[in-house]
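Here's the letter readout for the chains.
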Amino acid sequence: MEIKELYKLYQQHPCITTDSRDCPEGSIFLALKGDSFDGNKFAAQALQKGCAYAIVEHLPDDADPTDKRFIVVDDTLQTFKDMAREHRRQFDISVIGITGTNGKTTTKELVAAVLGKKYNVMATQGNFNNDVGVPKTLFRLNEDHDIAIIEMGASHPGDIKTLVETAEPTCGLITNVGKAHLQGFGSFEGVKKAKGELYDFLKSEQQDGLDDGYIFVNTDDDDLMQMANDRGLIFTSGYGTHDCEDAIVVGKVEACDPFLRFSWHLNDEEETDVQNFTVRTKLVGSYNIYNMLAAISVGLYFDVPTADIIAALEEYTPTNNRSQLTETERNHLIVDAYNANPSSMGAALRNFRDMEVSPKMAILGDMRELGEASAQEHQRAVDLMKEYGLEEVWLVGEEFGNTDCSYRKFHDVEEVKKALSEQPINGRYILIKGSNSIKLFQLPELL
């Protein structure tokens, strides 16, 4: 069955489920398959529970081969993406694609907060940013939405290319490119090439003569500027912390005590009296200024009033263990335990060094998926801690365990929990950072 025919079927039954345990009456069950599961096996059960149709790669053993409610396709995941793209094409709206090594979820949420002051915005929920999450997000689009914001993650070459071909963004933003998922990308150059697939798609939009393909670029980031210039991208809105020809929005960190406070202005050569605006955020970390400036740039491009932009940024409160300051009865916690890679770890450590608070302590977990560079990058992080004068540090995980240092080491988070129960910590400002799989997010309730 052709995609357009499948989409007509969806229009008659506008609900797709990929979970055989959740089968709304009249929905379409789409059988996805992974390394440890095969949805095709549960397709007959999904029909019994109320689904109107089941899209499968093969009939399950308990299926009636004459049952026309089974629709067999070559690749259910590709079909899911193709149907999502067809759904996205029903709406003539701006679609903003956001990717990057660090900060893409925070930037997505900030952009959504800013644009939400003027528009009805549909944005990626949580981190639904992969080849299953993006189609699910696109199917949330309806006629009430004015703008869509689609977050895109990648761990292998070609991942972003697949996602942009599904979401077909009209404009986009790469937050940064750093050393993450090196095991999948192979090298830092591999990271740049993969993230640059968003720019490649937007370049093709420009070449097609459309009024699309606009990009928002951090002008302080030499890698991003080179990636944009090498592709000859135009319609670029720049932002950064230095006045330069390409930067339209220019910001400056005023304080991190511990929340980020910054000022910004428009870089207009024709204006002699530059107006500075101050934003008092609820985010910890000076590195968040770039996420903030990105949201300002997008807001201005879409004509959100300046006062509304500032209000949205000041109202935004982080969640999901990203740049959060948590006050407990005994300590002040800077929780950034959702993810970690060399670039984000370095930024967190620099910010922690610059915070004018004491006494300080860090509990840091392994950075995963670094491949052959893992030992070197973990040692580099430890050396950075020494350089910054951090004395009280707990390291969690096998990779940090193999580093050359005198810091206290733990095999896993369970050992840390045991130590905290035996030796409670009081009166500290504690940075908690590590890859999500290290599970440091379990620690705040014990601190």
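Taking 1.5 Å of rise per residue, 12 residues should cover 16 Å, and helix α4 (residues 104-115) covers 16 Å from first to last C-alpha, within 8% of that figure. Counting buried residues along α4, 11 of its 12 residues qualify, which places the element largely inside the surrounding structure.

The next thing to look at is the pattern of salt bridges. Enumeration according to the criterion identifies 16 salt bridges in this entry. Where Lys433 meets Asp336, a salt bridge forms, and the shortest distance between an N and an O atom there is 3.3 Å. Remark: Asp336 occurs in strand β15 (residues 332-336) and Lys433 occurs in strand β19 (residues 429-433); sequence separation between them is 97 residues.

For the rest of this paragraph, the subject is the packing of aromatic side chains. Overall, the coordinates contain 10 aromatic pairs when judged by the stated rule. Grouped by ring-pair contacts, the aromatic residues Tyr119, Tyr214, Phe216, Tyr301 and Phe302 constitute a single cluster. Lying over the aromatic face of Tyr388, Arg353 brings its terminal NZ or CZ to 4.4 Å of the ring centre. We note Arg408 situated over the ring of Trp394; from NZ or CZ to the ring centre the distance is 4.9 Å.

Attention now goes to unusual backbone geometry. In this structure, Pro359 follows Ser358 across a cis peptide bond, with omega equal to -5 degrees. Mapping Pro359 onto the fold places it in the loop between α13 (342-354) and β16 (360-365). In this structure, Glu168 takes a positive phi of about 45 degrees despite not being glycine. Take Glu168: it is sitting in the loop between α6 (159-167) and β8 (171-174). Overall, Glu168 belongs to the buried group, its relative accessible area being 19%.

A few words on the packing of helix α8 (residues 188-195) against helix α10 (residues 222-230). One way to put it is that α8 packs onto α10 with a least axis distance of 11 Å and a crossing angle of 50 degrees. Comparing their axes, α10 and α8 come out oblique. Considering only the axes of α8 and α10, their crossing is right-handed. Two secondary-structure elements touch here, α8 through Phe188, Lys192 and Lys195 and α10 through Asp223, Gln226 and Met227. Taken together, the residues of the contact of α8 with α10 sort by class into 2 nonpolar, 1 polar and 3 charged.

The 4 strands are arranged β1-β2-β3-β4 in an open sheet whose pairing can be described as parallel. Each end of this open sheet is capped by a strand with a single partner; those strands are β1 (16-17) and β4 (70-72). In terms of strand pairing, β1 meets strand β2 (residues 28-30) through 2 bridges, oriented parallel. Residue pairing in the sheet places Ile16 in a bridge with Ile28 of β2.

Inspection of the secondary structure puts Met385 in helix α14 (residues 374-387). It is 22 Å that separates the C-alpha atoms of Met385 and Leu260, two residues lying 125 residues apart in sequence. Once residues lying within four places of it in the same chain are set aside, the contact partners of Met385 are Leu349, Leu364, Leu390, Val393, Leu395, Phe400 and Tyr407.

The next point concerns the nonpolar core. Judged by nonpolar contacts, the single largest core of 43 residues is most densely connected at Ile55, Ile150 and Tyr199. If you look at the next biggest cluster of nonpolar residues, it comprises 37 residues, including Val111, Tyr214, Phe277 and Leu293.

Okay, the confidence of the model for the chain next. Looking at the chain, the pLDDT average stands at 90 and 95% of residues meet or exceed 70. Within the chain, helix α7 (residues 182-185) has the poorest average pLDDT of any element, 62, and strand β6 (residues 121-123) the best, 98.

Moving on to the sheet that holds strand β5 (residues 94-99). Read across the open sheet, the 9 strands follow the order β6-β7-β5-β8-β9-β10-β11-β12-β13; overall the sheet is mixed. Either end of the sheet is taken by a strand with one partner, and the two such strands are β6 and β13 (277-284). Within this sheet the neighbouring strands show an average axis-to-axis angle of 20 degrees, counted without direction. Taken together, the 4 bridges between β5 and β8 define a ladder with parallel strand orientation. The residue of β8 that forms the bridge with Gly97 is Gly172.

Calculation criteria
- Position numbers for residues count from 1 along each chain, tracking the sequence in the order it is written.
- Local features are withheld for residues below a pLDDT of 70 in this predicted model, meaning they are given only at 70 or higher, and side-chain atom pairs are given and counted only at 80 or more; totals for whole chains, interfaces and linings count all residues.
- Hydrogens and water are ignored here; the side-chain numbers use all heavy atoms of the structure.
- Numbered from the N terminus, helices here are DSSP runs of H or I no shorter than four residues, and strands are runs of E no shorter than two.
- How far a helix is expected to stretch is found by multiplying one less than its residue total by 1.5 Å.
- Burial classes: relative accessible area under 20% of the type maximum marks a residue as buried, over 50% as exposed, and values in between as partly exposed (1.4 Å probe, protein chains only).
- Should a side-chain nitrogen of Lys or Arg be within 4 Å of a carboxyl oxygen of Asp or Glu, the pair is scored as a salt bridge.
- We call Phe, Tyr and Trp rings a pair once their centres come within 6.5 Å, taking the six-membered ring for Trp, and we label the pair stacked below 30 degrees between planes, edge-to-face above 60, and tilted otherwise.
- A ring is scored as having a charge over it whenever the NZ atom of a lysine or the CZ atom of an arginine sits within 6 Å of its centre and within 35 degrees of its normal.
- Interaxial angle, 0 to 180 degrees, is taken between N-to-C directions of lines fitted to C-alpha atoms, where a helix line uses only the stretch in contact.
- For classification, angles of less than 35 degrees are called roughly parallel, those exceeding 145 degrees roughly antiparallel, those between 65 and 115 degrees roughly perpendicular, and all remaining angles oblique.
- Note on convention: near helix rotated counterclockwise from far helix by under a right angle means a left-handed crossing. Clockwise means right-handed.
- Two residues form a contact once any of their heavy atoms are found within 4.5 Å.
- The residue classification treats Ala, Val, Leu, Ile, Met, Phe, Trp, Tyr, Cys and Pro as nonpolar and Asp, Glu, Lys and Arg as charged. All others, Gly included, are polar.
- When DSSP locates at least two bridges between a pair of strands, those strands are taken to pair.
- In plain words, nonpolar cores are sets of buried Ala, Val, Leu, Ile, Met, Phe, Trp, Tyr and Cys residues tied together by side-chain atoms within 4.5 Å.
- Known as pLDDT, the predictor's confidence for each residue is given on a scale from 0 to 100.

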